[in-house]
Amino acid sequence: MMYYLIIALQIYCLYHAYTNRREWYWYLVIFLIPVIGCAIYLITQVFNKRDLENVQKEVVTVLNPTKRVKDLEEKLAFSDTFQSRINLADAYLDIKDFFNAILQYRAALKGSHTDYFYGNANLVEALYLDEQYDEAILVAKGIENHPDFDKSKSNLYYGQAIFQKGDVEKAAQILKKINRRYSNYPERLMLARFLKDNGKEVDAIELLEELMDEGRHHAQPNKRKYKMVFADIEKLQKELAS
C-alpha cells in the first residue's frame, strides 16, 4: 500500500511541477529520491499555497478524473438536493462532459433557484464550450446585471458567444469589462488574443504591456500562481513585436 501512495505522490508532484513550469532539477529530485524529494517539493512549492485537503483532491483528480463524478452521482442518488445537483454539474464541467453538466445545471436552476448566479454563470460556460452560442447568450443576459457578472468568467464566455454570432464590436465592448487591473489574468490574456485576431493589435499591445507591468509588481506567491499565464503573455507580446 505504501508503495502505491509514494507513486501517487510522485505523480502529483511531477504533474504540479509540469503545470507550474518548475525548474528542471525538481523533476530529478522528485524522481530520484521519491519520499524526501516529494516532501521537499511539497513544503517549498505547494504547502505555502494550498492546504493538505486541496493537495489530496488534486492527487485523486490526476489519478482518476472521474472518481469525483462517481462519488457525487452516488450522493445525488442518496440525497437529491439543489446543492448536490450543482456539485455534480460542476464536476461534469471540470471533466468537459458538457452535455451532462448542462443537464444538471438546468435541473437545479428551477423554482426558487432560477436566479442563482453561480449556477447560471457556470451554465453559460458549459453552453459556450458546447458551442450552443444562442443559449449561452440567453442565459448570460439573465444574469448580466448581477454585480459579480462583469468580473466573472461568464462575461468572458458571453462576449465570445456574441463574437461567434458575428457581432465583433459588441463582443469587444463586453470583453473589455474583464480588463481589471491586478486580476483576471487568464481572461485578460484571452482578451489580448481576441484583440489581436480582430485587427486591434495596438489595443492588444497596450493591454499586454499593462499585464507585464503588473506582473513585475507581484509578490512571490502570485508569481508562482500565474507563472504559466505570464509566460504566454510574454510569448504573445514578442509575437506582436516581431
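The model shown is predicted, which means the values in this text are computed figures rather than measured ones.

1. Remarks on the overall build of the chain
Move 1: The helix and strand tally for the chain stands at 15 helices and zero strands.
Move 2: By its C-alpha atoms, the chain is 55 × 55 × 25 Å across when sized along the principal axes.
Move 3: In the chain, which comprises 242 residues, the share counted as buried stands at 40%.
Move 4: The contacts of the chain with a sequence gap of at least 6 include a subset with a gap of at least 24, amounting to 52%.
Move 5: When the accessible surface of the chain is totalled, it reaches about 14,000 Å², and 56% of it is carbon and sulfur.
Move 6: Counting 33 positive and 34 negative side-chain charges, the chain places the centres of these two groups 4 Å from one another.

2. Brief notes about the environment of Lys 96
Move 1: For Lys 96, the position within the fold is in the loop between α6 (82-94) and α7 (98-108).
Move 2: Take Lys 96: its relative accessible area is 61%, and that puts it in the exposed class.
Move 3: Put simply, Lys 96 and Leu 138 are 42 residues apart on the chain and 21 Å apart in space, counted from C-alpha to C-alpha.

3. As for the pattern of salt bridges
Move 1: Evaluation of the coordinates by the stated rule reveals 15 salt bridges.
Move 2: A salt bridge links Glu 214 to Arg 188; its shortest N-O distance comes to 2.8 Å. Here Glu 214, found in helix α13 (residues 201-216), pairs with Arg 188, found in helix α12 (residues 185-197); they are 26 residues apart in sequence, far enough to count as distant.
Move 3: With relative accessibility at 0%, the residue Glu 214 sits in the buried group.
Move 4: One salt bridge in this structure joins Arg 216 and Asp 213, with 3.8 Å as the shortest N-O distance. Within this pair, Arg 216 and its partner Asp 213 are both found in helix α13, separated by three residues, close to a single helical turn.
Move 5: It is possible to trace a salt-bridge network through shared partners that takes in Arg 181, Arg 188, Glu 210 and Glu 214.

4. What to know about the nonpolar core
Move 1: Of all hydrophobic cores here, the largest spans 57 residues; its most connected members are Tyr 105, Leu 123, Tyr 158, Leu 208 and Ile 233.
Move 2: Not counting the four nearest positions on each side in its chain, Tyr 158 is found in contact with Val 124, Ile 137, Ala 140, Lys 141, Glu 144, Phe 149, Lys 170 and Ile 174.
Move 3: Formed by nine residues, the second largest nonpolar core is a distinct cluster that contains Tyr 12, Cys 13, Ala 17 and Cys 38.

5. Topic: the state of the cysteines
Move 1: One pass over the structure, following the stated rule, counts zero disulfides.
Move 2: Residue Cys 13 stays outside any disulfide, its sulfur separated by 3.8 Å from that of Cys 38, the closest cysteine.
Move 3: When its relative accessible area of 0% is taken as the criterion, Cys 13 is described as buried.
Move 4: The buried category is assigned to Cys 38, whose relative accessible area is 1%.

6. Digging into the side chain of Asn 184
Move 1: Tracing the chain through its elements places Asn 184 in the loop between α11 (168-175) and α12.
Move 2: The class for Asn 184 is buried, based on a relative accessible area of 15%.
Move 3: In this view, Asn 184 contacts Lys 151 and Ile 178; residues no more than four positions away in its chain are not counted.

7. Here's the deal with the packing of α6 against helix α8 (residues 117-129)
Move 1: Relative to each other, α6 and α8 sit at 25°, their axes nearing to 11 Å. Judged by the inter-axis angle, α6 sits roughly parallel to α8. Our pair here, α6 against α8, has a crossing hand that is left-handed. Residue-level contacts link Ile 86, Asp 90 and Leu 93 of α6 to Tyr 118, Gly 119, Asn 122, Glu 125 and Ala 126 of α8.

8. With respect to α6
Move 1: Between the first and last C-alpha of α6 there are 19 Å, a value that for 13 residues agrees with the 18 Å anticipated at 1.5 Å per step.
Move 2: α6 sits mainly inside the fold: ten of its 13 residues count as buried.
Move 3: Listing the buried residues of α6 in full gives Phe 82, Ser 84, Arg 85, Ile 86, Leu 88, Ala 89, Asp 90, Ala 91, Tyr 92 and Leu 93.
Move 4: Turning to α6, the residues buried within the fold contact α5 (67-78), α7 and α8.
Move 5: Remark: Lys 96 follows α6 within two positions and exhibits a positive phi of approximately 65°.

Scoring rules and cut-offs
- Residues numbered from 1 in each chain as written.
- Predicted model: local features only at pLDDT ≥ 70, side-chain atom pairs only at ≥ 80, totals over all residues.
- Heavy atoms only, no water.
- Helix = DSSP H or I, 4+ residues; strand = E, 2+ residues; numbered from the N terminus.
- Buried < 20%, exposed > 50% of the residue type's maximum accessible area, 1.4 Å probe, protein only.
- Contact = heavy atoms within 4.5 Å.
- Areas by Shrake-Rupley, 256 points an atom, 1.4 Å probe, with all protein chains shown as cover.
- Lys, Arg positive; Asp, Glu negative; His and termini not counted.
- Charge placed at Lys NZ, Arg CZ, Asp CG, Glu CD.
- Salt bridge = Lys/Arg side-chain N within 4 Å of Asp/Glu carboxyl O.
- Core = buried A, V, L, I, M, F, W, Y, C linked by side-chain atoms within 4.5 Å.
- Disulfide = S-S within 2.5 Å.
- Axes fitted to C-alpha atoms, helices over the stretch in contact; angles between N-to-C directions.
- Parallel < 35°, antiparallel > 145°, perpendicular 65-115°, else oblique.
- Left-handed = near helix turned anticlockwise from the far one by under 90°.
- Expected span 1.5 Å × (residues − 1).

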